[in-house]
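# Reading the structure
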Amino acid sequence: MLFVLLLVVYIIILLGNILILLVIFNNYSLHTPMYLFIAHFSAIETLNVTTIVPKLLTNLLVKCKAISYFLCMLQSWLYFSLGTTELILLAIMSIDRYIAICKPLHYSTMMSGIISKNLAIGCWCAGFLAISGPSILMLRKTFCNNIINHFFCDSSPLIRLSCTKTLIIEFLNVTISIIILFSSLSVIIITYSYIIIVICKISTVSARKKAFSTCASHLTLVTLGYGGTIFIYVISTNSRSLETNKTVSVINIIITPLLSPFIFTLRNESVKEAIKATISRNVKIALSSKQKGCILGK
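Residues numbered from 1 in each chain as written. Predicted model: local features only at pLDDT ≥ 70, side-chain atom pairs only at ≥ 80, totals over all residues. Heavy atoms only, no water.

### Some thoughts on the environment of proline 33
Formally: Secondary structure counts use DSSP, requiring at least four H or I residues in a row for a helix and at least two E residues in a row for a strand, with both numbered from the N terminus. In this description, contact between two residues means that some pair of their heavy atoms is separated by no more than 4.5 Å.
Looking at the element boundaries, proline 33 is found in helix H2 (residues 33–61). The sequence separation of proline 33 and leucine 78 amounts to 45 residues, and the corresponding C-alpha distance is 25 Å. Those residues in contact with proline 33, other than ones at most four positions away along the chain, are Asp96, Tyr107, Met111 and Ser116.

Right, here's the structure in full:
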């Protein structure tokens, strides 16, 4: 039953994010920096879930729940690199919303197509480079035990398996976590403080509601993403909390990616209209091709 449930959830996550990617790239009206960042976020979520869930599904069906050394190291590196990229991207998305709401006349120049693309690429590069150091150090470690007390190759259970000293890796992990988490979170807090001040000054209720709605989905993802990540990798680091960390990891790896496509679509009128237009266009194409086939058959 757990396998079926997780499989259904995994398929929904894949279909939801792929739908968002297709809708954004097939609708010219959505070719703006905000939706470019949403597309990158959906791609990150898809890759991150695919890094963990397929192996988890396999382990639910087999007796020998094993993973090779190489795949374990690769899984750990990809998971943390993609997670770091996601946190940096959330900070960039808050800057985008700040410019759009607080400096609308300068938006086209400050957040042009080239700048937004470079920012998105920079998020990927920074995320993967930030995790390279600890990952390389982990590859040089030898392990006294081969039983991981987790459902994926997380850093804490891997460090506990090492026969040699891990102070440098632990220091790097904590330092990078604090720098990435709190620097990006600080950017989000500062930008949204200015956004709230500007929105409160808007005279009409409808305009205020529209401005808040453009930020609501982003703030929801920030709350979900940062809450679990800070709890696991900053607040709760001792061995007694490992079982709790597993539960919170499920929220980060499965629940948040499951909710994000619905958050982006249900709270965004432009995306909903684009989805309706895409479905309507595809239905018309299918019906026209069917009619042509009937005529040819006759």
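Here the narrative resumes.
### Observations regarding the packing of H2 against helix H5 (residues 113–139)
Condition: Axes here mean lines fitted to C-alpha atoms, for a helix over just the part in contact, with angles spanning 0 to 180 degrees between N-to-C directions. Oblique is the label for any angle not covered by the other classes, which are roughly parallel (under 35 degrees), roughly antiparallel (over 145) and roughly perpendicular (65 to 115). Take the far helix as your reference; a near helix turned counterclockwise from it by less than a right angle gives a left-handed crossing, and one turned clockwise gives a right-handed crossing. Gly is put with the polar residues, along with every residue not named as nonpolar or charged; the nonpolar set is Ala, Val, Leu, Ile, Met, Phe, Trp, Tyr, Cys and Pro, and the charged set is Asp, Glu, Lys and Arg.
Where H2 meets H5, the closest approach of the two axes is 10 Å, and the angle between their N-to-C directions is 20°. Between H2 and H5, the angle falls in the class roughly parallel. Between H2 and H5 the crossing geometry is right-handed. For the pair H2 and H5, contact is made by Pro33, Leu36, Phe37, His40, Ala43, Ile44 and Leu47 and by Ser116, Lys117, Leu119, Ala120 and Trp124, respectively. Its residues assigned to classes, the contact of H2 with H5 comprises nine nonpolar, two polar and one charged.

### Let's talk about the state of the cysteines
Selection criterion: Working definition: a disulfide is two cysteine sulfur atoms within 2.5 Å of each other. Any residue under 20% of the maximum accessible area for its type is buried, any over 50% is exposed, and the rest in between are partly exposed; the area is computed with a 1.4 Å probe on protein chains only.
If you walk through the whole model with that rule in mind, you get two disulfides. The residue that forms a disulfide with cysteine 72 is cysteine 153, at a sulfur-sulfur distance of 2.1 Å. Of note, the bridge from cysteine 72 to cysteine 153 carries an S-S torsion of about -125° and is left-handed in sense. Taken together, the residues cysteine 72 in helix H3 (residues 69–102) and cysteine 153 in the loop between H5 and helix H6 (155–160) connect sequence positions 81 residues apart. Across the pair, exposure class does not vary: cysteine 72 and cysteine 153 are buried alike. Covalent S-S linkage joins cysteine 144 and cysteine 163, the inter-sulfur distance amounting to 1.6 Å.

### Thoughts on the packing of helix H1 (residues 2–26) against H2
Where H1 contacts H2, the two axes come as close as 9 Å, and the packing angle between them is 160°. Compared by their axis directions, H1 and H2 come out roughly antiparallel. For H1 against H2, the interelement crossing comes out left-handed.

### What about the pattern of salt bridges?
We count it as follows: A pair is scored as a salt bridge if a Lys or Arg side-chain nitrogen falls within 4 Å of a carboxyl oxygen belonging to Asp or Glu.
Evaluation of the coordinates by the stated rule reveals one salt bridge. Aspartate 96 serves as the salt-bridge partner of arginine 97, at 3.0 Å between the closest nitrogen and oxygen. Under the relative-accessibility criterion, aspartate 96 is labelled buried at 1%.

### Some points on the nonpolar core
Rules: The definition of a nonpolar core used throughout is a set of buried Ala, Val, Leu, Ile, Met, Phe, Trp, Tyr and Cys residues joined through side-chain atoms within 4.5 Å.
In terms of nonpolar packing, the biggest core is built from 66 residues, with Ile38, Leu90, Tyr226 and Ile253 touching the most fellow members. Those elements that provide at least two residues to this core are H1, H2, H3, H5, helix H7 (167–200), helix H8 (205–235), helix H9 (242–266) and helix H10 (269–297). Per-element tally for this core: the top contributor is H3, with 13 residues. With sequence-adjacent residues up to four places away left out, tyrosine 226 is seen in contact with Leu87, Leu90, Leu181, Ser184, Leu185 and Ile188. Met73, Met138, Leu158 and Ile159 belong to the second largest nonpolar core, which has seven residues in total.

### Focus: a nonpolar patch on the surface
Note the following rule: Patch definition: residues above 30% relative accessible area lacking any salt bridge, with like charges linked at up to 9 Å and the nonpolar side chains Val, Leu, Ile, Met, Phe, Trp and Tyr linked at up to 5 Å. Each accessible area is a Shrake-Rupley estimate made with a 1.4 Å probe; only the visible protein chains count as cover when residues are assessed.
Taken together, Leu2, Leu5, Leu60, Leu61 and Val62 make up a surface patch of nonpolar side chains, about 440 Å² in accessible area. Contributing elements (two or more residues each) for the nonpolar patch: H1 and H2. Mapping leucine 5 onto the fold places it in helix H1.

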